[in-house]
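Listed below, chain by chain, are the residues.
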Amino acid sequence: MVLLHSNKLENIPKDAVIFTEDEALKYQWDEISNHDSLSKTWSLQYGAGVLGVLSGLTGVYINHHYRGRLRLGSFGAFSTYLPIVVLPTLVTTAFHKVFVQSDIILRKTKCPVCLQVQAAATQVALGIGYPSILAPIAAYMFATRHFTYRLPPISKYKELFATYKKMTRPLSTALSISLGIHVLIAMALTQKEILDFHRLEQDSATEELLS
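Reading the values: rules and limits
Throughout, a residue's number is its position along its own chain's written sequence, starting from 1. Whole-chain, interface and lining totals are the exception, using all residues; otherwise, since this is a predicted model, local features are given only for residues with pLDDT of at least 70 and side-chain atom pairs are given and counted only at 80 or more. Side-chain descriptors were evaluated using all non-hydrogen atoms of the structure, hydrogens and water having been removed beforehand. Helix and strand definitions follow DSSP, with helices as H or I runs of at least four residues and strands as E runs of at least two, each counted in order from the N terminus. Burial classification: accessible surface area is computed with a 1.4 Å probe over protein chains only, and a residue below 20% of its type maximum counts as buried, one above 50% as exposed, and the rest as partly exposed. With a 1 Å grid spanning the protein atoms alone, the term cavity applies to any set of points in which a 1.4 Å probe fits but cannot get out, the term pocket to an open set with protein on both sides within 12 Å along at least five of seven lines, and the term lining residue to any residue with an atom within 4 Å of a point. Grid points are joined across faces, edges and corners, and a volume is the space filled by probe spheres set on the points. Amino acid classes used here: Ala, Val, Leu, Ile, Met, Phe, Trp, Tyr, Cys and Pro are nonpolar; Asp, Glu, Lys and Arg are charged; the rest, including Gly, are polar. We define a nonpolar core as any set of buried Ala, Val, Leu, Ile, Met, Phe, Trp, Tyr and Cys residues linked to one another through side-chain atoms lying within 4.5 Å. Residue contacts follow a heavy-atom distance rule, with two residues in contact if any of their heavy atoms lie within 4.5 Å. Side-chain rings of Phe, Tyr and Trp, where Trp is taken by its six-membered ring, are said to pair if the distance between their centres is within 6.5 Å; with planes under 30 degrees apart they count as stacked, over 60 as edge-to-face, and otherwise as tilted. We count a charge as sitting over a ring when the NZ of a lysine or the CZ of an arginine lies within 6 Å of the ring centre and within 35 degrees of the ring normal. Patch members must show over 30% relative accessible area and no salt bridge, and they are joined within 9 Å when carrying like charges or within 5 Å when they are nonpolar side chains of Val, Leu, Ile, Met, Phe, Trp or Tyr. The method behind every accessible area is Shrake-Rupley, applied with a 1.4 Å probe, and residues are considered shielded solely by the protein chains displayed. Note on definitions: salt bridges are taken to be side-chain nitrogens of Lys or Arg within 4 Å of carboxyl oxygens of Asp or Glu. Only four residue types enter the charge count: Lys and Arg as positive, Asp and Glu as negative, with His and the chain ends excluded. Charge positions are represented by NZ for Lys, CZ for Arg, CG for Asp and CD for Glu.

(A) Layout of unusual backbone geometry. Although it is not a glycine, arginine 71 adopts a positive phi angle of roughly 55°. Note that arginine 71 resides in the loop between α2 (38-69) and α3 (77-106). One non-glycine residue with positive phi stands out, namely phenylalanine 147, at about 55°. Looking at where phenylalanine 147 falls in the secondary structure, it is placed in the loop between α4 (112-146) and α5 (157-168). Overall, the relative accessible area of 74% leaves phenylalanine 147 in the exposed class.

Below you can see the structure in the form of structure tokens.
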């Protein structure tokens, strides 16, 4: 079945089956999930998960860096890795699926580059920005609680910021490279998803004509 989008009833064929947006989305996902060729649908089925894992791995690296600098050892390991690694993985996957892939499938946005930029911006914010902010804060909290590293109090914000800069400087090159990787993979995967979905639509239209 070929899905058509229309805001006007007069443009809808008389024999058409009318779906709501949610029903159309569910129908399309069912078609993609049940497609017999994984090579044509892997980007749509696993693309969001790939970006989620990328965010999680970056979170592991950033969190490990600050924990190591503040000599935390096993102190607060679960309490830092859960929000800095697991949460970005899940949220990145969900955001891409809901705000990018759904847009592709329902053909809401006519600008492919806009979708690529949106995907890249979300990826950078959740995969790099979020853990880069939360990891040093969490490490500071556990370091002061367990006395693993001598840190200035929050009231001495200038000294605290200087310490933060000193600890972050070795990470700056890796973060810059990570940023480029996140942007490149997010944009490339989104482009692949757009192209794959268009090919699926073309195949479906061809099958309709031949049947």
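Here the narrative resumes.
(B) Representation of empty space enclosed by the protein within the structure. By the definition in use, this model includes one cavity of 30 Å³ or more. Taken together, the elements giving at least two residues each to the lining of the largest cavity come down to α3 and α4. Ranked by residues supplied to the lining of the largest cavity, first place goes to α3 with five residues. For the lining of the largest cavity, a count of residues per class yields five nonpolar, five polar and no charged.

(C) Fine view of the nonpolar core. With 16 residues, the main nonpolar core has Ile62, Tyr66, Leu70, Leu72 and Leu151 as its most contacted residues. Contributions of two or more residues to this core are made by α2 and α4. Per element, the largest residue contribution to this core is seven residues, and it comes from α4. What tyrosine 66 contacts, discounting residues up to four positions off in sequence, is Ala135, Pro136, Ala139, Tyr164, Met167, Thr168 and Leu171. Counting residues in each nonpolar core, the second largest holds 14 residues, with Leu115, Ile194, Phe197 and Leu200 among its members.

(D) Up close: the packing of aromatic side chains. What the rule picks out here adds up to three aromatic pairs. Ring centres of tyrosine 66 and tyrosine 164 lie 6.5 Å apart, and the angle between their planes is 5°; this geometry places the pair in the stacked category. Taken as a pair, tyrosine 66 in helix α2 and tyrosine 164 in helix α5 lie far apart in primary sequence, 98 residues in all. Take tyrosine 66: its relative accessible area is 3%, and that puts it in the buried class. It is lysine 97 that lies over the ring of tryptophan 29; its NZ or CZ is 3.9 Å from the centre. It is arginine 145 that lies over the ring of phenylalanine 142; its NZ or CZ is 5.0 Å from the centre.

(E) Just a positive patch on the surface, in detail. A surface patch of like charges, here positive, comprises Arg69, Lys165, Lys166 and Arg169. Looking at the element boundaries, arginine 169 is found in the loop between α5 and α6 (172-210).

Distances and angles like these do not, on their own, reveal function.
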